[in-house]
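# An overview of the molecular structure
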Amino acid sequence: MSNEDVCIVIPAYNEATAISGVVTELREQFRHVLVVDDGSADDTASLARAAGAAVARHPINLGAGAALETGLAWVAARPEFAWVVTFDADGQHLVADAVRMLARARATGVDIVLASRFTGATIDMPSARRVLLKAAVAFTRLTTHLDVTDAHNGLRVINTRALPDLHLSQCGMAHASELTSAISSAGLTYCEVSTTVRYSAYSQAKGQRNLNAVNVLFDLAAARLRFTS
Amino acid sequence: MIIKVLLIAGTLALGMLLRQRATGTNLAVRRLVGAAVVVLGVIAVAFPSTTVWAAHLVGVQRGTDLLLYVFVMTFLFTTVASYQRIFGLERRITELTRELALRAADDIRR
């Protein structure tokens, strides 16, 4: 199997329903998969391990951003990896998209490849979600001056040389904005690849509520005010 | 009039509090302010007419109104200070949890 220098990082919280399928499918293309179990109450961790993933487990639930940061730290400590692919646990991404993005990353040598569902495709996307995500994109373009078309897609390919510039302090969902801000402030190179997002009944029940956008905006505003930002 | 200036300045100071680092000096200042509030509270209870006198001093008619203003400002400062403290604790818990997770994590599976 090729892709020996790639590690897939999957933040997961109570994903026992989907995690086995997601890991199994990924393992057909990628040897190394890390599932960061964010303090799940179900058997997400053991199912992921049985499907062939390495598992890091938060003893308590911290949030998706914190789980992602833990995954990135795990990869950063292992110099054999040249690329990290972040992937959602609920099965909304296609493995084929990750493969294409990685090919683009290798060909261009950029620091980060972002996925865009808006230049790509969405399957059964609720219209309210479309409006909200479009607003999020406008917000990201305004605040970071990056020419992106999808700000909050969980599928990304990151060159491990960029990891020292990416430190996610946002534990919740504001980490996606934090990541694009880091691209802008650290002057990282990036490109976008059109991908597909599948909105299943499961992923919608598991995913964020639209109202969570209020919390994301609050977290970002608070981070700007605070001395730590 | 004076009270308006004081209240607006106090509200702006809330923003400064949000940016403050938790240094020993800042902590000492907060504790001294806290102690002063307690002493003034005791005086206000023992000699209720002093609140009217103090109120007139800053252009407020009734002593109870002044007490309300002071109470609201104290509450706001306490809220912001607690928020800062909780945020700091959360960040430390996050780092601790991450460290634990990384130590117990599986290594690369070959």
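Structure's up top.
Residues numbered from 1 in each chain as written. Chains lettered and ligands numbered in written order. Predicted model: local features only at pLDDT ≥ 70, side-chain atom pairs only at ≥ 80, totals over all residues. Heavy atoms only, no water.

## Topic: the overall build of chain B
The following threshold applies: Helix numbering and strand numbering both begin at the N terminus, where a helix is a DSSP run of H or I of at least 4 residues and a strand a DSSP run of E of at least 2. For a compact globule the rule gives 2.2 Å times the number of residues to the power 0.38, and the radius of gyration it is set against comes from C-alpha atoms. Positive charge is attributed to Lys and Arg, negative charge to Asp and Glu, and no charge count is given to His or to the chain ends. Just so you know, the charge point we use is NZ for Lys, CZ for Arg, CG for Asp and CD for Glu.
Tallying secondary structure elements over chain B gives four helices and zero strands in all. In sequence order, chain B lays out its α and β elements as α-α-α-α. Rg of the C-alpha trace for chain B: 21 Å, well past the compact-globule value of 13 Å for 110 residues, more than 25% over. If one aligns the C-alpha atoms of chain B with their principal axes, the spans along those axes are about 80 × 25 × 25 Å. Put simply, chain B has 13 plus and 6 minus side-chain charges, and the middle of one group is 10 Å from the middle of the other.

## A word on the interface of chain A and chain B
A common way to express how large an interface is: the accessible area buried when the components associate. What counts, and what does not: By definition, residues are in contact when any of their heavy atoms lie within 4.5 Å. Buried area adds together the accessible area that both of two parts lose upon being put together, with accessible area traced by a 1.4 Å probe. We define a salt bridge as a contact between a side-chain nitrogen of Lys or Arg and a carboxyl oxygen of Asp or Glu at a distance within 4 Å. Distance and chemistry together define a polar contact, namely a pair of N or O atoms within 3.5 Å, with one atom able to donate a hydrogen and the other to accept it when in protein, and with adjacent residues in sequence counting only for side-chain atoms on both sides. Residue classes follow a fixed rule: Ala, Val, Leu, Ile, Met, Phe, Trp, Tyr, Cys and Pro count as nonpolar, while Asp, Glu, Lys and Arg count as charged, and any other residue, Gly among them, counts as polar.
Across the contact, 29 residues belong to chain A and 21 residues belong to chain B. Between chain A and chain B, roughly 2,200 Å² of surface is buried when both sides are summed, and carbon and sulfur atoms account for 59% of that area. When the shortest N-O distance is used, the salt bridge between aspartate 106 of chain B and arginine 49 of chain A registers 2.8 Å. There are six residue pairs in polar contact (both at pLDDT 80 or more) connecting chain A and chain B. Elements represented by at least two residues in the side of chain A that touches chain B include exactly β3 (54–57), α3 (64–76) and α8 (212–225) of chain A. If you tally residues by element for the side of chain A that touches chain B, the top one is α3 of chain A, at five residues. When its residues are assigned to classes, the side of chain A that touches chain B shows 16 nonpolar, five polar and eight charged.

## Let's talk about the pattern of salt bridges
For the structure shown, the criterion picks out ten salt bridges over all chains. For the salt bridge of aspartate 107 of chain B with arginine 78 of chain A, the shortest nitrogen-to-oxygen distance reads 2.9 Å. Residue aspartate 107 of chain B is found in the segment after α4 (63–104), and its partner arginine 78 of chain A is found in the loop between α3 and β4 (83–86); the two belong to separate chains. As a salt-bridge pair, arginine 161 of chain A and aspartate 111 of chain A come within 2.7 Å of each other at their nearest N and O atoms. Here arginine 161 of chain A is found in the loop between β6 (156–159) and α6 (175–186), whereas its partner aspartate 111 of chain A is found in the loop between α4 (95–108) and β5 (112–123), with 50 residues between them in sequence.

## A short note on the layout of surface pockets
Residues and elements named next belong to chain B. Going by this rule: Site definitions follow a grid-based scheme: protein atoms alone, a 1 Å grid, a 1.4 Å probe that fits but cannot get out for cavities, and for pockets an open set with protein on both sides within 12 Å along at least five of seven lines, plus lining residues having an atom within 4 Å of a point. Grid points are joined across faces, edges and corners, and a volume is the space filled by probe spheres set on the points.
When its volume is computed, the largest pocket comes out at roughly 1,800 Å³. Listing elements by their share of the lining of the largest pocket, those giving two or more residues are α1 (2–19), α2 (24–46), α3 (49–57) and α4. Among the elements that line the lining of the largest pocket, the one with the most residues is α4, at 17 residues. Class assignment for the residues of the lining of the largest pocket results in 29 nonpolar, 13 polar and seven charged.

## Description of the packing of aromatic side chains
The relation between two aromatic rings is expressed through the spacing of the ring centres and the mutual angle of the planes. We apply this condition: Any Phe, Tyr or Trp ring, taking Trp's six-membered ring, that has another such ring centre within 6.5 Å forms a pair; planes under 30 degrees apart are called stacked, those over 60 apart edge-to-face, and the others tilted. Over a ring means this: the NZ of a Lys or the CZ of an Arg is within 6 Å of the ring centre and within 35 degrees of the ring normal.
Scanning the entire structure with this criterion turns up one aromatic pair over all chains. Cation over ring: arginine 78 of chain A sits above tryptophan 74 of chain A, and NZ or CZ is 4.0 Å from the ring centre.

## Focus on the sheet that holds β6 of chain A
All names here are of chain A. Just so we agree on the cut-off: Following DSSP output, two strands are said to pair if at least two bridges run between them. With axes taken as lines fitted to C-alpha atoms, and helix axes fitted only over the stretch in contact, angles between N-to-C directions fall between 0 and 180 degrees.
Here seven strands make up an open sheet; going across it, the order is β3-β2-β1-β4-β6-β5-β7 and the pairing mixed. The open sheet has two edge strands, β3 and β7 (190–198), and neither has a second partner. Averaged over neighbouring strand pairs, the angle between their axes works out to 25° when direction is ignored. Where α4 meets the sheet, it contacts β1 (6–12), β4, β5, β6 and β7, and its direction lies at approximately 175° from that of β7.

## Notes on unusual backbone geometry
Glycine aside, a negative phi is what most residues show, and trans is what most peptide bonds show. All names here are of chain A. Cut-off, in case you're wondering: Only protein chains enter the accessibility calculation, which uses a 1.4 Å probe. A residue is then buried if its area is under 20% of the maximum for its type, exposed if over 50%, and partly exposed in between.
The backbone phi angle of asparagine 14 is positive, close to 50°, even though this residue is not glycine. With respect to the element layout, asparagine 14 can be found in the loop between β1 and α1 (19–27). In this structure asparagine 14 comes out as partly exposed when scored by relative accessible area, which is 25%.

## Some details on the nonpolar core
Residue and element names in this part refer to chain A. Selection rule: For the purposes of this section, nonpolar cores are sets of buried Ala, Val, Leu, Ile, Met, Phe, Trp, Tyr and Cys residues that join through side-chain atoms within 4.5 Å.
Ranked by internal contacts, the top residues of the largest apolar core, which has 32 residues, are Ile10, Leu26, Val35 and Phe87. Every element with two or more residues in this core is listed here: β1, α1, β2 (32–37), α2 (44–50), β4, α4, β5 and β7. At five residues, α4 tops the list of elements feeding residues into this core. Dropping the residues within four chain positions of it, leucine 26 is found in contact with Ile8, Ile10, Val33, Phe87 and Val95. Core analysis: the second largest hydrophobic core is formed by 28 residues, Leu114, Ile158, Leu163 and Leu179 among them.

## A look at the pairing of β3 of chain A
All names here are of chain A. Heads up, the condition is: For a crossover, the right-handed case is the one in which the path from the first strand over the helix to the second runs clockwise, viewed with the strands pointing away from the viewer.
As paired strands, β2 and β3 are joined by four bridges and run parallel to one another. Bridge pairing in β3 places leucine 34 opposite alanine 54. For the crossover from β2 across α2 to β3, the handedness is right-handed.

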